[in-house]
Amino acid sequence: MSPALPARRHAVLVKPSVAAAEQEAASLIAQLLVAGPNAVLGLATGRSMIGVYEELVRRCERGDVSFARAQSFNLDEYCGLPAEHPASFAAYMDRHLFGAVDIDPARAHLPDGNAPDGARAYEDAIAAAGGIDLQLLGIGRNGHIGFNEPGSDRDTRTRIVDLAQETRKANAPDFPDGLPVPDRAITMGIATIMKARRIVLLATGAAKAEALADALEGAVGKHNPASFLRLHPDVTIVCDPEAAHTLTPPTEMEKRHG
Ligand code: GLP
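Now for a quick tour of the structure. These numbers come from a predicted model, not from an experiment.

## Some words on helix H3 (residues 89-98)
Because each turn of an α-helix spans 3.6 residues, side chains separated by three or four positions in sequence point in the same direction. Summarising burial for H3: 8 of the 10 residues are buried, a large majority. For H3, every residue scored as buried is listed here: Phe-89, Ala-90, Ala-91, Tyr-92, Met-93, His-96, Leu-97 and Phe-98. Considering only its buried residues, H3 is in contact with strand S2 (40-43), helix H2 (50-61), strand S3 (71-74), strand S4 (76-78) and strand S5 (108-109).

## A look at the site of the ligand
Neighbouring the ligand are the residues Thr-45, Gly-46, Arg-47, Ser-48, Asp-76, Gly-138, Ile-139, His-144, Gly-146, Phe-147, Asn-171 and Lys-208. Between a nitrogen atom of the ligand and a side-chain N or O atom of Asp-76, the distance comes to 2.7 Å. In isolation the ligand has 390 Å² of accessible area, and contact with the protein removes 93% of it. Looking at side-chain class alone, the shell around the ligand contains 2 nonpolar, 7 polar and 3 charged residues.

## Overview of the pairing of S2
Burial of S2 is two-sided: the residues Val-40 and Gly-42 facing one way and the residues Leu-41 and Leu-43 facing the other way are all buried. As paired strands, S2 and strand S6 (residues 134-137) are joined by 2 bridges and run parallel to one another. Residue pairing in the sheet places Leu-41 in a bridge with Leu-134 of S6.

## Brief notes about the side chain of Glu-149
Within the fold, Glu-149 resides in the loop between S6 and strand S7 (159-162). Despite its burial, Glu-149 pairs with no opposite charge, the nearest such side chain being Arg-168 at 8.6 Å. Within the structure, the side chain of Glu-149 is placed 2.9 Å from the backbone nitrogen of Ala-164, a separation counted as a polar contact. Excluding its chain neighbours within four sequence positions, the residues that come into contact with Glu-149 are Asn-142, His-144, Asp-162, Leu-163, Ala-164, Thr-167 and Pro-225.

## Structural notes on helix H7 (residues 209-217)
Every buried residue belonging to H7 is among Ala-209, Ala-211, Leu-212, Ala-213 and Ala-215, and all of these are buried. Those residues of H7 that are buried are in contact with strand S9 (198-203), strand S10 (234-239) and helix H8 (241-244).

## Describing the side chain of Glu-123
Mapping Glu-123 onto the fold places it in helix H4 (residues 119-128). Separated by 2.7 Å, the side chains of Glu-123 and Thr-158 make a polar contact. Among all residues touching Glu-123, those that are not within four sequence positions of it are Arg-157, Thr-158 and Thr-192.

## Regarding the packing of aromatic side chains
Within the structure shown, the criterion is met by 6 aromatic pairs. When the ring of Phe-73 is compared with that of Tyr-122, the centres are 5.7 Å apart and the planes differ by 75°; the resulting orientation is edge-to-face. Here Tyr-122 lies in helix H4 and Phe-73 lies in strand S3, a separation of 49 residues in the sequence. By the burial criterion, Phe-73 is buried, and Tyr-122 matches it. For the pair Tyr-78 and Phe-175, a centre-to-centre distance of 5.3 Å together with 80° between the ring planes defines the contact as edge-to-face. In this pair, Tyr-78 is assigned in strand S4 and Phe-175 in the loop between helix H5 (165-171) and strand S8 (184-187), connecting sequence segments 97 residues apart. Each member of the aromatic cluster is reached from another via a ring pair, and the members are Tyr-78, Phe-89, Phe-147 and Phe-175.

What counts as what
- Residues numbered from 1 in each chain as written.
- Predicted model: local features only at pLDDT ≥ 70, side-chain atom pairs only at ≥ 80, totals over all residues.
- Heavy atoms only, no water.
- Buried < 20%, exposed > 50% of the residue type's maximum accessible area, 1.4 Å probe, protein only.
- Helix = DSSP H or I, 4+ residues; strand = E, 2+ residues; numbered from the N terminus.
- Contact = heavy atoms within 4.5 Å.
- Near = heavy atom within 4 Å.
- Polar contact = N/O pair within 3.5 Å; in protein donor to acceptor, adjacent residues only side chain to side chain.
- Areas by Shrake-Rupley, 256 points an atom, 1.4 Å probe, with all protein chains shown as cover.
- Nonpolar A, V, L, I, M, F, W, Y, C, P; charged D, E, K, R; others polar.
- Pairing = 2+ DSSP bridges.
- Lys, Arg positive; Asp, Glu negative; His and termini not counted.
- Salt bridge = Lys/Arg side-chain N within 4 Å of Asp/Glu carboxyl O.
- Phe/Tyr/Trp six-rings, centres within 6.5 Å; stacked < 30°, edge-to-face > 60°.

Spelled out as structure tokens, the structure:
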């Protein structure tokens, strides 16, 4: 590797079960908070993250970890939903994490899907906090990260986006009683995500296998926004065997040298 390039740390951790993968992701966040209690976290929503947050809540209750001095910035939020709507990401975060740990609500930020002019202010708030130390990510079945759908450029920043039909369909179970899934959202951009110092992507379940394999082993490009993460210097992919089942197994030499 050219000495002019920064050292890259990429790891793919295939854990034996979904629960083990969730615990691993929670451990990476907990380790960061123990090493630096005033860490700036980038947080994600989605079904994949529920077990991660449950584990962090348990650790917080045991006194093993504290969010009291931390700050957080969520990736995204729907447009057109009040924050109190149960399917909003704000409500999700209160339900699964913020309401159960010792984080200061004033330091737990989400982009406001009802204030499109706030996109720039959100970027400024992240910068004012010193940037994100660890960005937690899930992955959509089409390779989206945050709500950066296929077609999103590498240089995108926080902005309003249209949601892909398949994303709206995948998220429909969060909208009971036939309520329509919003067709727009506000999301950190790819460039916003890539500025985080460390990225942890959690992928579990067979439905993610194709997008994950393409992100890690296909071409890097906007057809699969998660593939851009390969250009980041410090990425840890945590997955279960189902999400990993189409990945090319590492060679013996790669296993020895990580
Ligand atoms: C969403 C979120 C993403 C999330 C993805 C996968 O809609 N905007 O941040 O990673 O879809 O969600 P799930 O974990 O439910 O599969």
